[in-house]
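Summary of the model geometry
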Amino acid sequence: MPHGPGRPRPPWLSPAVFRTEALAGLVVGLALIPEAISFSVIAGVDPKVGLFAACTMAMVIAFVGGRPAMISAATGAVALVVAPVVRQHGLGYLIATVILAGVFQIVLGVLGVAKLMRFVPRGVMVGFVNALGILLFTAQIPNLRDVPWPVYPLVVGGLALMLLFPKLTKAVPAPLVAIVILTSITVAAGIAVPTVGDKGTLPSSLPVPGIPDVPLTVHTLTVIAPYAFAMALVGIMESMMTAKLVDDLTDTPSDKTREAVGQGIANIVTGIFGGMGGCGMIGQTMINVKNGARTRLSTFLAGFFLLVLCIVLGPVVSRIPMAALVAVMVLVSVGTFDWHSIKPATVTRMPVGETGVMVVTVIVVVATGNLSIGVVVGSLTAMAVFARRVARLTAVTSVTDPDGAQVVYAVTGQLFFASANDLVTRFDYANDPDKVVIDLTGTHVWDASSVAALDAIETRYAQRGKTVEIIGLNDASARLHDRLTGELAGSH
């Protein structure tokens, strides 16, 4: 069909872009295999449940997601949430949970929950990225423990190849070259090292759509709903953080609401095809973007190649040494970590609170292994730091008339719950003249706590037979004050 002026030609139709997208998708497809199998083990299901989830999530989100070049597949965070369902109730309940989680994500997306991401501060984002780099690195350690000695030179060789090969050409992704060369060496020389096949059996047939085998009762709903809601929140949070990271890396915007709804649709489809569900994957997305991918084609091809690799080339893929994939993920982890954020020059220039928020986020994520918990704790810490900082900026100065008939108190800064409580102590109730003027021209009244504080000040002066006049309120502050003053008795 011809592309008229209203229909721009898709960028991936260009041969150069198509090659870049296809090769990046192939590398991601290969890197998804051991991860999907590992997450299946965490969730307590057959490896093909994780692999099918990775295929369907990637292929569906390529069409319905809001962030081009982002990879969604089975993830560790989702596996941790749904593991108890499999353990206690079996696979049927897991599939039902995934489908219900998808429905919740669509509802949350339509309600605009994605817009809340703008309240995640920079310190939390940096902490999130650094923690992710650490988690990606530590996740490779089990693959380096109690293994034959050839694994170590293979990993070092893989890293060297990926660092040096781009100096020759960037036409082919270095990780793909490393995987092919290391596999060829181990197979040709008959070197016995752990391979992808040792992680689990790859599926040999396509997934078949179906309805989860669970009783359609209120009891089933009460069993799966809490897990489904937790999975929906974790999935949206991790996907939004990934999308924001790609926005920053590529300097392009994304539609966060569409992404949240898209995650829901992808999870419903994944559940129908018997997958364990998933969300945005930061590690794989980083591989994709760092290999030059920028369109939806790479996301679709990652899922498509994964399916082909498992079903058609299963025996070949099974022989890829884990050392090659460990090298890829180690390089990704080093590239993910924001090294600039821990330079002495950066740390000394940054406000202590900002650095503290980053450190708290990193510690919580690494300690729990859960990116979502770290983001929530980090954001709450940032709010507390912000509230404390803003509360300190409220100043009260007084000027008494020369004749001593009245005193004018000028309040500057922001009045809200954190600063309002301290405000009551800043007045000289006993020694002030009978007429007190409080000038609020330089402030804004944000909440009921501030109105209650102003009422408490008036009450203390009234008890001493003195009158208070409040002046200088801006329109919004005046409306709030008029609506609540005198109605908050017992607040102090």
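Read on for an overview of the structure. Bear in mind the structure is a predicted one, so any value in this text is a computation, not a measurement.

Comments concerning the packing of aromatic side chains
- Tallied over the entire structure, the rule returns ten aromatic pairs.
- For the ring pair F337 and W339, a centre distance of 4.6 Å and an interplane angle of 45 degrees mean the geometry is tilted.
- For F337, a relative accessible area of 15% puts it in the buried group.
- Ring centres of F416 and F417 lie 5.1 Å apart, and the angle between their planes is 80 degrees; this geometry places the pair in the edge-to-face category.
- On the accessibility criterion, F416 (10% relative accessible area) is buried.

A look at the pairing of strand β6 (residues 467-471)
- Alignment of strand β5 (residues 435-445) against β6, held across five bridges, turns out to be parallel. Residue pairing for β6: D439 is matched across the bridge by I471.
- Once you follow β5 into helix α18 (residues 448-463) and on to β6, the crossover reads as right-handed.

Some points on the layout of surface pockets
- Looking at the largest pocket, its volume works out to about 700 Å³.
- Lining of the largest pocket is provided by 31 residues; of these, E35, F39, G76, L135 and A139 occupy positions nearest its centre.
- When contributions to the lining of the largest pocket are tallied by element, the ones reaching two or more residues are α1 (15-43), α3 (76-89), α5 (122-138), α10 (282-290) and α13 (322-336).
- The dominant element in the lining of the largest pocket, judged by the number of residues it contributes, is α1, at six residues.
- Split into classes, the residues belonging to the lining of the largest pocket amount to 19 nonpolar, nine polar and three charged.
- Put simply, the second largest pocket is a space of about 510 Å³.
- The wall of the second largest pocket is formed by 23 residues, among which P166, A174, P175, K290 and N291 lie closest to the centre.
- Of all the secondary structure elements, the ones that give two or more residues to the lining of the second largest pocket are α1, α6 (151-168), α7 (174-189), α10 and α13.

Overview of the pattern of salt bridges
- Here the structure, examined in full by the defined rule, presents four salt bridges.
- Here D247 and R67 are joined by a salt bridge, their closest N and O atoms 2.7 Å apart. Placement of the pair is D247 in helix α8 (residues 218-250) and R67 in the loop between α2 (47-64) and β1 (72-73), with a sequence separation of 180 residues. Across this residue pair, the class does not change: D247 and R67 are buried.
- Ionic pairing is found between R426 and D422, a salt bridge with its closest N-O pair at 2.9 Å.

Rules used throughout
- Residues numbered from 1 in each chain as written.
- Predicted model: local features only at pLDDT ≥ 70, side-chain atom pairs only at ≥ 80, totals over all residues.
- Heavy atoms only, no water.
- Phe/Tyr/Trp six-rings, centres within 6.5 Å; stacked < 30°, edge-to-face > 60°.
- Buried < 20%, exposed > 50% of the residue type's maximum accessible area, 1.4 Å probe, protein only.
- Pairing = 2+ DSSP bridges.
- Helix = DSSP H or I, 4+ residues; strand = E, 2+ residues; numbered from the N terminus.
- Right-handed = clockwise from strand over helix to strand, strands pointing away.
- 1 Å grid on protein atoms, 1.4 Å probe; cavity = no way out; pocket = protein on both sides within 12 Å on 5 of 7 lines; lining within 4 Å.
- Points joined across faces, edges and corners; volume = space filled by probe spheres on them.
- Nonpolar A, V, L, I, M, F, W, Y, C, P; charged D, E, K, R; others polar.
- Salt bridge = Lys/Arg side-chain N within 4 Å of Asp/Glu carboxyl O.

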